[in-house]
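Here's the letter readout for the chains.
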Amino acid sequence: MVASLAAMTAVASGTEEDSLRAEADERVAAILKLSPDPAYGAYLAGDCATCHRASGGSDGIPPIAGLPADYTVNALIEYKLGIRENEVMVVRVARLGDAEIAALAAHFADQKP
Ligand code: HEC
């Protein structure tokens, strides 16, 4: 919660953009050091599959199966910190803690694209 407050403050001033990026990089690195539980990730991924279908599709929702874990973690942190602004994803990621993000990323990295 402290992080998102910092993010909101940072967005207000363009000169803070670099520190927001640095904060994101730091969080991503910390999450990638965790030992993720892919079974927990598979459980959590039920909520994602309603939108993110394996085939992708033409509705603007990108496929995420098979994405490298570091890419997924970075994307989710960017939604969390407001670097990416898609409302649907921002709302979902707000509920996820570091262990959840790590588990989801490990799960999707294990999937066939
Ligand atoms: C209600 C539909 C919906 C749900 C549910 C949903 N997403 Fe998304 N997701 C989207 C949309 C739409 C985008 C593209 C947003 C954008 O343009 O930034 C997206 C983008 C992403 C991206 C970025 C992909 C890329 O190629 O950069 C990731 C990673 C992602 N979602 C992961 C998840 C995970 C993990 C969950 C479950 C916790 C989830 N999403 C649940 C709709 C959804």
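These figures come from a predicted structure and were not determined experimentally.

Calculation notes
Residues numbered from 1 in each chain as written. Predicted model: local features only at pLDDT ≥ 70, side-chain atom pairs only at ≥ 80, totals over all residues. Heavy atoms only, no water. Helix = DSSP H or I, 4+ residues; strand = E, 2+ residues; numbered from the N terminus. Areas by Shrake-Rupley, 256 points an atom, 1.4 Å probe, with all protein chains shown as cover. Near = heavy atom within 4 Å. Polar contact = N/O pair within 3.5 Å; in protein donor to acceptor, adjacent residues only side chain to side chain. Core = buried A, V, L, I, M, F, W, Y, C linked by side-chain atoms within 4.5 Å. Buried < 20%, exposed > 50% of the residue type's maximum accessible area, 1.4 Å probe, protein only. Donors = N, O, S within 2.8 Å, 3.2 Å for Na, K, Ca; no water. Tetrahedral: all angles 85-135°; square planar, octahedral: opposite > 155°, others 65-115°. Axes fitted to C-alpha atoms, helices over the stretch in contact; angles between N-to-C directions. Parallel < 35°, antiparallel > 145°, perpendicular 65-115°, else oblique. Left-handed = near helix turned anticlockwise from the far one by under 90°. Contact = heavy atoms within 4.5 Å. Nonpolar A, V, L, I, M, F, W, Y, C, P; charged D, E, K, R; others polar. pLDDT = per-residue confidence, 0-100.

**A look at the overall build of the protein chain**
Broken down by element type, the protein chain carries seven helices and zero strands. When the accessible surface of the protein chain is totalled, it reaches about 6,900 Å², and 59% of it is carbon and sulfur.

**Quick notes on the site of the ligand**
Close to the ligand lie 20 residues; Cys48, Cys51, His52, Tyr71 and Met89 are nearest. Contacts to the ligand include Arg84, whose side-chain N or O atom sits 2.9 Å from an oxygen atom. Going through the elements one at a time, helix H4 (46-49), helix H5 (69-81), helix H6 (87-94) and helix H7 (98-110) are the ones with two or more residues in the shell around the ligand. The leading source of residues in the shell around the ligand is H5, at five residues.

**A short note on the nonpolar core**
Counting residues in each nonpolar core, the largest one holds 21 residues, and the members touching the most others are Val73, Ile77, Ile101 and Leu104. Elements represented by at least two residues in this core include exactly helix H2 (17-32), H5, H6 and H7.

**Notes on the coordination of the iron atom of the ligand**
Those donors, His52 (NE2) and Met89 (SD), are the protein atoms that reach the iron atom of the ligand, and they lie 1.9 to 2.2 Å from it. Bound by six donor atoms, the iron atom of the ligand shows angles of 86 to 178° at the metal and therefore octahedral coordination geometry. Here Met89 lies in helix H6 and His52 lies in the loop between H4 and H5, a separation of 37 residues in the sequence. Here Met89 falls in the buried class, since its relative accessible area comes to 16%.

**Section: the packing of H2 against H5**
Between two packed helices, both the angle of their axes relative to each other and the distance between the axes serve to describe the pair. Two elements in contact, H2 and H5, have axes separated by 9 Å at closest approach and are oriented at 135°. What the angle tells us is that H2 and H5 run oblique. In terms of crossing hand, the pair formed by H2 and H5 is right-handed. Of H5, the residues touching H2 (which contributes Leu20, Arg21, Glu23, Ala24, Arg27, Val28, Ile31 and Leu32) are Ala69, Asp70, Val73, Asn74, Ile77, Glu78, Lys80 and Leu81. A per-class count over the contact of H2 with H5 returns nine nonpolar, one polar and six charged.

**Topic: the confidence of the model for the protein chain**
For the protein chain, per-residue confidence averages 88 on the pLDDT scale, and 82% of positions sit at 70 or higher. The spread of mean pLDDT over the elements of the protein chain runs between helix H1 (residues 2-11), the lowest at 56, and H5, the highest at 98.

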